[in-house]
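Chains, contacts and geometry: an overview
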Amino acid sequence: MASPAPAVKTSFTIGTRKSKLALEQTQLVSEALQKTNPGCEFKIFSKETAGDLNTKIALRDFTSKNLWTEELEELMMDGQVDLIVHSLKDVPTVLPDSCTLGPMMPREDSRDVLVVKQGLPYKSLAEIPAGSIVGTSSIRRTAQLARKYPHLKILDVRGNIGTRLAKLDAEDSPYTCIILAAAGLLRLDLGDRITQYLDSSCGMLYAVGQGALGIEIQKDNVVLQEMLNKIGHQETTFACLAERNLLRTLEGGCSAPLGVETEWVQTAEGAKKLRMRSVVVSVDGQQCAEVEIDGDVDSAQSAEAFGVTVARALIEHGAGSILEEIQRQKAAKESVPK
């Protein structure tokens, strides 16, 4: 007598952080999966991670790069969750051996934005008066601001989006403005708080993977891989793979002052190329390496190869010495007895 066929799994648990934005983003993934897999159930499990619990230390001073991912990955490897939804910019470029990122859904606006304190009249970074305080904990934003807007002062601001907006708008707030990712504000229906979208035209390139969602699964989970293939967006996936391999090749990790800007451009022959602008800036804004390169990208492999090409070009333009100096300063700081 033939043995019964193994039961087909129809219930899946999605792991995520507990913030309002993380839950909103996970809901987007859950709904997309539900639409393409109507016979399945997708439940959401959330927990606070190390990065959520410690909002006092500036991001650049953390020694670990997986503040928002490690604990959720452990739950997945233990079988308590089946997949994890991250903001892709928070995901380290090197994952545990047993884990991988699936195809990515269409990207939200990837740019940074300026948010001015309520009641102030300024409409752009260029209008902010000298000596004003800009809130950000990002070394990338700090470096680019120091390069293009050296008359402004930088002060750390941590916490989720609601917390940062409250700190900005408080009566005794030191901040004139803060810099945030457009995607988070738009996903939380807070687009009315955006004063100015920032891009390469004003000297502000965004973080690797910004605006995209990283959906992490175990490498051997063929069922989930197939499900994610159905909701994946090829252009988003290829662009993000190229950006992530650029960062991985530079070995800067999440704390490197690396900014990118990618777009798909049409050639005269009708083909599409991936254009990547990329910049590495010293923390004081005094040194800069920047490139703009078009690449033929039509697969995950060619996307990752293009990331390596851009990284090598940046190193040729001086990025290597900038990153070495940052690492040297970080090592010196860490060696000082607490």
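So, here's what we can say about the structure. A quick note: this is a predicted structure, and the numbers were derived from the prediction, not measured. (Residues numbered from 1 in each chain as written. Predicted model: local features only at pLDDT ≥ 70, side-chain atom pairs only at ≥ 80, totals over all residues. Heavy atoms only, no water.)

1. Here we look at the pairing of strand β12 (residues 272-281)
Of all ten residues making up β12, seven are buried, and the element is well covered by its neighbours. Bridge count for strand β11 (residues 258-266) against β12 is nine bridges, and the pairing is antiparallel. Note that in β12 the partner of Trp264 across the bridge is Leu274. Once β11 ends, the chain turns through five residues before running back antiparallel as β12, passing Gly270 with a positive phi of about 95°. Pairing analysis gives eight bridges linking β12 to strand β13 (residues 288-295), with the strands arranged antiparallel. Residue Val281 lies in a different strand from β13, and its bridge partner there is Cys288. Here β12 hands over to β13 after six residues, with Gly285 in that stretch at a positive phi of 80°. (Buried < 20%, exposed > 50% of the residue type's maximum accessible area, 1.4 Å probe, protein only. Helix = DSSP H or I, 4+ residues; strand = E, 2+ residues; numbered from the N terminus. Pairing = 2+ DSSP bridges.)

2. Overview of the packing of helix α8 (residues 234-250) against helix α9 (residues 300-316)
At a minimum axis separation of 7 Å, α8 and α9 run at an interaxial angle of 40°. In terms of orientation, α8 and α9 fall into the oblique class. The hand of the α8/α9 crossing is right-handed. Listed contacts from α9 to Phe238, Leu241, Ala242, Asn245, Leu246, Arg248, Thr249 and Leu250 of α8 are Ala300, Ala303, Glu304, Phe306, Gly307, Val308, Val310, Ala311, Leu314 and Ile315. Taken together, the residues of the contact of α8 with α9 sort by class into 13 nonpolar, three polar and two charged. (Axes fitted to C-alpha atoms, helices over the stretch in contact; angles between N-to-C directions. Parallel < 35°, antiparallel > 145°, perpendicular 65-115°, else oblique. Left-handed = near helix turned anticlockwise from the far one by under 90°. Contact = heavy atoms within 4.5 Å. Nonpolar A, V, L, I, M, F, W, Y, C, P; charged D, E, K, R; others polar.)

3. What to know about the sheet that holds strand β6 (residues 133-135)
Here we have five strands laid out as an open sheet, ordered β7-β6-β8-β5-β9, and mixed in their pairing. In this open sheet, the two edge strands, each paired with only one partner strand, are β7 (153-155) and β9 (196-198). With direction set aside, neighbouring strand axes in the sheet form an average angle of 30°. Note: strand β5 (residues 112-116) against β9, three bridges, orientation antiparallel. Bridge assignment links Leu114 to a residue of β9, and that residue is Gln196. Each of β5, β6, β7 and β8 (177-181) touches helix α4 (residues 139-148); the most contacted strand, β8, lies at about 125° to it. The sheet strands contacting helix α5 (residues 161-169) are β5 and β8, and the helix crosses β8 at an angle near 165°.

4. Examining the pattern of salt bridges
Inspection of the entire model under this criterion finds 17 salt bridges. The residue Asp296 makes a salt bridge to Lys273 at a minimum N-O spacing of 3.1 Å. Here Lys273 lies in strand β12 and Asp296 lies in the loop between β13 and α9, a separation of 23 residues in the sequence. Overall, Asp296 belongs to the exposed group, its relative accessible area being 56%. When its relative accessible area of 23% is taken as the criterion, Lys273 is described as partly exposed. One connected set of salt bridges, linked through shared partners, spans Glu261, Glu263, Arg275, Arg277, Glu292 and Asp294. (Salt bridge = Lys/Arg side-chain N within 4 Å of Asp/Glu carboxyl O.)

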